[in-house]
Amino acid sequence: MHTLVTGGGGFLGRYMVEQLLARGDRVRSFGRRAYPELETLGVEVVRGDLADQGAVVAACDGVDLVFHVAARPGVSVQRLPYVQANVHGTKNVLHGCLTHGISRLIYTSSPSVTFAGEDQNGVDESVPVALDWLIRHRSHYSSTKAIAEQRVLQANGEQLRTCALRPHLIWGPRDQHLIPRLIAKAKAGRLRRVGTGANLVDMIYVENAAEAHLQAGEALSQENSPVAGNAYFLSQGEPVDCWQWIDEILALAGLAPVKKSISRQAAWRVGALLEATYGLLGIRSEPAMTRFLAAQLATSHWFDISAARRDFGYEPRISASEGMQRLSRWLAEQA
Ligand SMILES: NC(=O)c1ccc[n+]([C@@H]2O[C@H](COP(=O)([O-])OP(=O)(O)OC[C@H]3O[C@@H](n4cnc5c(N)ncnc54)[C@H](OP(=O)(O)O)[C@@H]3O)[C@@H](O)[C@H]2O)c1
């Protein structure tokens, strides 16, 4: 297989690249920055922006299979960069696949495409995409991921088979987003529990998320694959108490548990104010709170993953406790 991974130098993408190399694929990665560590592994690193159609189409040349993992994450208030990377970027990847006769595309989506501000307890893929709520509450990341997911699934057909995977809260060694931010906020004394602290959330250890992508790609190669045209939630299959889990991560870094708290309503109002201020002043960095974040941090969201188990044999092979040990070792190396 000659395989393209967009975002192959990122957190999830790099684990996927390593697993693809281990099974014998030739791997090309697409992203804006240089990744000498990938080149050392034998990966062909192609530099370009998802918004640049020519660059994306060229990166698809000669490839059998595409994992479209790259995306703009976060909670910045300017919408355009999200539309450019996540919506136009995905349209460009689809164009690249069709131009070069690629037969399989696996899109990394997010469970947050279905989030509408309410608890999600054990929901399965019958829950609808919450595009209106996400647009109304200016979650540019989730709403653009939702639009992209819909386009990818609509593109499923005879020439190109597609599917979308929705891993929830990916964590593990080499994470540059969630865990470093939690630790930095806790160190600065700025971490507050939002809501009652009784909410359950799903999460997925990064190597399990990577393996699920490879399994879905394999399943897509079958004639009449049940995976084609569908979206799947992915997790460890055992939801955790959100704030206890955060305390566990902090403990690994030698930090005290979260003590300060704020109600969901107060966090929502702070988020609304910060969104308005950042928008008015054109501030490009991410506000510390948004309405979307307030709602996410205060609610339960965990999912039924039986469809992924049934249709492509997904199992979270690395347990949460083993993952914690690996994370702990990595954090110790970073200290
Ligand atoms: N992390 C999570 O908890 C989580 C949960 C659900 C879904 N996801 C999804 O999983 C995927 C991977 O997330 P991650 O945590 O691995 O993120 P990440 O570490 O930030 O990796 C994202 C990658 O995308 C590339 N990228 C971003 N914007 C680009 C652009 N305009 N053009 C070309 N490349 C671009 C980045 O490379 P360059 O900077 O070199 O361009 C980076 O390698 C994303 O699709 C995300 O939506 C993540």
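The rules behind these values
Residues numbered from 1 in each chain as written. Predicted model: local features only at pLDDT ≥ 70, side-chain atom pairs only at ≥ 80, totals over all residues. Heavy atoms only, no water. Buried < 20%, exposed > 50% of the residue type's maximum accessible area, 1.4 Å probe, protein only. Helix = DSSP H or I, 4+ residues; strand = E, 2+ residues; numbered from the N terminus. Pairing = 2+ DSSP bridges. Right-handed = clockwise from strand over helix to strand, strands pointing away. Contact = heavy atoms within 4.5 Å. Axes fitted to C-alpha atoms, helices over the stretch in contact; angles between N-to-C directions.

Visitor: How would you explain the pairing of strand β5 (residues 104–108) if you had to name every residue and give the values?
Guide: Burial runs high along β5: 5 of the 5 residues are buried. Residues R104, I106 and T108 of β5 are buried on one face, and the alternating residues L105 and Y107, pointing to the opposite face, are buried as well. The pairing of strand β4 (residues 65–68) with β5 spans 4 bridges and is parallel. By the bridge assignment for β5, L65 is matched with R104. As for the winding sense of the linkage, the β-α-β connection from β4 through helix α4 (residues 80–99) to β5 is right-handed. The pairing of β5 with strand β7 (residues 161–167) spans 5 bridges and is classified as parallel. Paired with L105 across the strands is T162, a residue of β7.

Visitor: Run through the environment of I305, naming residues and quoting values.
Guide: Within the secondary structure layout, I305 lies in the loop between β15 (301–303) and α12 (306–312). I305 sits in the buried class, given a relative accessible area of 3%. With residues near it in sequence (within four places) discarded, I305 still touches F233, L234, S235, G237 and Y314.

Visitor: Now, about the sheet that holds β5: what can you tell me, with residues and values included?
Guide: With parallel pairing, the 7 strands of this open sheet are ordered in space as β3-β2-β1-β4-β5-β7-β12. A single partner strand is all that each edge strand has here, and the edge strands are β3 (44–47) and β12 (230–234). Taking the axes of each pair of neighbouring strands and ignoring which way they run, one obtains an average angle of 20 degrees across the sheet. Where strand β2 (residues 26–31) and β3 come together, 4 bridges link them in parallel fashion. Looking at the pairing, R28 lines up with E44 of β3. Packing of α4 onto the sheet brings it into contact with β1 (2–6), β4 and β5, and relative to β4 it is tilted by some 175 degrees.

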